[in-house]
Amino acid sequence: MGKVLVMLTAVAAVVACSVATVMVRRRMKRRRKWRKVVGILKDLEEACETPLGRLRQMVDAVAVEMQAGLVSEGGSKLKMLLTFVDDLPNGSERGTYYALHLGGSYFRIIRVHLSGQRSSLDVQDIERHSIPTSLMNSTSEVLFDFLASSLQRFIEKEGNSQAVKRELAFTFSFPVKQTSISSGVLIKWTKGFAISEMAGEDISECLQGALNKRGLDIRVAALVNDTVGALSFGHYHDPDTIAAVVFGTGSNACYLERTDAIIKCQNPRTTSGSMVVNMEWGNFWSSRLPRTSYDLELDAESMNSNDMGFEKMIGGMYLGDIVRRVILRMSQESDIFGPISSILSTPFVLRTNSVSAMHEDDTPELQEVAKILKELGVSEVPLKVRKLVVKICDVVTRRAARLAAAGITGILKKVGRDGSGGEGGRKRSHKQIMRRTVVAVEGGLYLNYKMFREYMDEALGDILGGKVAKHVVIKAMEDGSSIGSALLLASSHSVQTIPSV
Ligand code: BGC
């Protein structure tokens, strides 16, 4: 009996030891895996670092590239496109105008009535629709007929559809080489659009053709980049507005430049002595940009690799996918996210609005993060893993916002409004007098993502310094691009405008 007891005790001890060993091993393995993901996060943080010194180098690089792009065609990755807009609306415009805005993920139609006073700006109707993905890969006929039929429905709602001739501004949020204020050819698609055989086509003609086919008496009288629309809107309300930036699905900026600085354009023929330049800053590139392996992968797998490098780091279309790639890498290298989810492996499945929802989740248990991860096929992860996800969102968004701030300051530097005392890269001997400078900002990323906004504003303050920053006003505007395009059409109108409907 005694012997049996001894044996049983020995067996129990061996079992207990083995269980303990297994548990210790498991814990060690878990710790190793945790350390691994923490290492991935640390690497990400390091690769995304944007210290002030680096941002300042970027500011210089933006100003230098702007200059190079103005000197010669193809002189820089910044296209610095002419817009033929030399007169911005000021509030005295009259008439009724339409705008159709094809953006990255939405299109809008609006009607604006103006009666000669800023305070009486009347946006009478606004329709907003998401763009079906099938349309982005369709044909030119399908796309323009879709836009024309949407416009037709909009007009039909007015009742007197045949009674008046209408003037339309086409807000087209893609790079166009303008040939006049109302015409221009597509340079290339961006933001996931891939309608073949359209590069080189006149965009206004395409839309006009589709409208004519439907027997609509509408004239496409202005072709406007969304940034230029936003600048118009900003300037209409505040004449100190000299630049506009869009942070939406894509990103871009435009600003008012002296015509004598646009060296590549021999005969700009403007009356005001300045012209709005569409920078197409999404294509900006500098070796100082903090690029990670995730950016490289994203670029390599994109439809437009080696193109739009800056946009791929700051555009709403891409931030979600960068975050997704980091989570995927972590889940491949450790099992803290459970079995690898096939959903998580799908490009662009994580949208930037989900990133903002996770980033700004203020519930104690991070329920929003849990919900979004579940939609990505990742369930039941512990709180510390959810916190890790929030941190990834933070790192990616903070980098984007700080780079965006450097981009804006680059423009200010180019036009001599950054307080450095120089204009166009040249130093002035006397002290610069700071003028109030307004930058209009449009786009869902800025308007709807508080953390992006806060990081960007903070970085602007850091780069410019308090004394200068207080003269620089960032003005957010919703639907500014569409309304501004209609305003621009009104201000550029030399012939009699249509009667109001
Ligand atoms: C386009 C720009 C546009 C920007 C913001 C970019 O992808 O190239 O023309 O202004 O997106 O919509």
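As recorded in an unreviewed UniProt entry, the protein goes by Phosphotransferase and comes from Cardamine amara subsp. amara. The heading Subcellular location (unreviewed entry) in the UniProt record of the protein holds the text "Mitochondrion outer membrane". Quoted verbatim from the Sequence similarities (unreviewed entry) field of UniProt, the annotation for the protein is "Belongs to the hexokinase family."

What is the right way to look at the overall build of the protein in this model?
Looking only at helices and strands, the protein has 16 helices and 15 strands in total. Within the protein, buried positions represent 54% of all 501 residues. Intrachain contacts of the protein at a sequence separation of at least 6 include 72% that bridge at least 24 residues. Working note: accessible area of the protein is about 21900 Å², and carbon and sulfur atoms make up 52% of it.

Explain the side chain of E127 here, please?
Summarising the element assignment, E127 is placed in strand 4 (residues 122-130). Of the polar contacts made by the side chain of E127, one reaches the side chain of H129; its length is 3.1 Å. There is a polar contact of 2.4 Å between the side chain of E127 and the side chain of K157. Contact partners of E127, with chain neighbours within four places excluded, come to F107, R108, I109, F154 and K157.

What is the right way to look at helix 5 (residues 203-213) in this model?
Since the α-helix turns once every 3.6 residues, residues separated by three or four places project in the same direction. Taken together, the buried positions of helix 5 are occupied by I203, S204, C206, L207, Q208, A210 and L211. Looking at the packing, one finds that the buried side of helix 5 touches helix 4 (140-156), strand 5 (166-172), strand 6 (176-180), strand 7 (183-186) and strand 8 (218-224). Capping the start of helix 5, D202 holds a side-chain oxygen 2.9 Å from the backbone nitrogen of S204, two or three residues further along.

I tried to follow the site of the ligand on my own but got confused; where do I start?
Near the ligand there are 14 residues, and of these T190, K191, D226, E280 and E311 occur at the shortest range. The separation between an oxygen atom of the ligand and a polar main-chain atom of F174 is 3.5 Å. Contact between the ligand and T190: an oxygen atom at 2.8 Å from a side-chain N or O atom of the residue. In isolation the ligand exposes 310 Å². Once the protein is present, 98% of that is buried. Residues belonging to the shell around the ligand are distributed by class as follows: four nonpolar, six polar and four charged.

So what exactly am I meant to see when it comes to the pattern of salt bridges here?
Side chains that carry opposite charge are capable of pairing whenever their charged atoms lie near each other. All told, the structure shown has 33 salt bridges when counted by the stated rule. Across the pair K475 and D238 runs a salt bridge whose closest N-O atoms are separated by 2.9 Å. Here K475 is found in strand 15 (residues 472-476), whereas its partner D238 is found in the loop between helix 6 (226-237) and strand 9 (241-247), with 237 residues between them in sequence. You can call K475 partly exposed: its relative accessible area is 28%. Judged by its relative accessible area of 7%, D238 falls in the buried class.

What should I look at first to understand the sheet that holds strand 14 (residues 437-442) in this one?
Read across the sheet, six strands follow the order 1-11-10-9-14-15 without closing on themselves; strand pairing throughout is mixed. Of all the strands in the sheet, the pair left with one neighbour each is strand 1 (81-82) and strand 15. Across five bridges, the pairing between strand 14 and strand 15 is parallel. Its bridge partner being in strand 15, V438 is matched across the sheet by V473. Sheet strands in contact with helix 12 (residues 383-414) are strand 9, strand 10 (251-258), strand 14 and strand 15, and its direction is about 155° off that of strand 9.

Would you take a moment to explain the sheet that holds strand 5 for this structure?
Sheet strands associate in pairs through backbone hydrogen bonding, adopting either a parallel or an antiparallel arrangement. Strand order in the open sheet made by the five strands is 4-3-2-5-8, with mixed pairing throughout. Edge positions in the sheet fall to strand 4 and strand 8, since each of these pairs with one other strand and no more. Across the sheet, the axes of successive neighbouring strands diverge by a mean angle of 20°, strand direction being ignored. Bridge count for strand 2 (residues 94-102) against strand 3 (residues 106-115) is nine bridges, and the pairing is antiparallel. Paired with A99 across the bridge in strand 3 is I110. Contacting strand 5 and strand 8, helix 5 runs over the sheet at an angle of about 155° to strand 8.

Reading guide: rules and limits
- Residues numbered from 1 in each chain as written.
- Predicted model: local features only at pLDDT ≥ 70, side-chain atom pairs only at ≥ 80, totals over all residues.
- Heavy atoms only, no water.
- UniProt positions renumbered as here; feature names shortened; annotations may be inferred.
- Helix = DSSP H or I, 4+ residues; strand = E, 2+ residues; numbered from the N terminus.
- Buried < 20%, exposed > 50% of the residue type's maximum accessible area, 1.4 Å probe, protein only.
- Contact = heavy atoms within 4.5 Å.
- Areas by Shrake-Rupley, 256 points an atom, 1.4 Å probe, with all protein chains shown as cover.
- Polar contact = N/O pair within 3.5 Å; in protein donor to acceptor, adjacent residues only side chain to side chain.
- Near = heavy atom within 4 Å.
- Nonpolar A, V, L, I, M, F, W, Y, C, P; charged D, E, K, R; others polar.
- Salt bridge = Lys/Arg side-chain N within 4 Å of Asp/Glu carboxyl O.
- Pairing = 2+ DSSP bridges.
- Axes fitted to C-alpha atoms, helices over the stretch in contact; angles between N-to-C directions.

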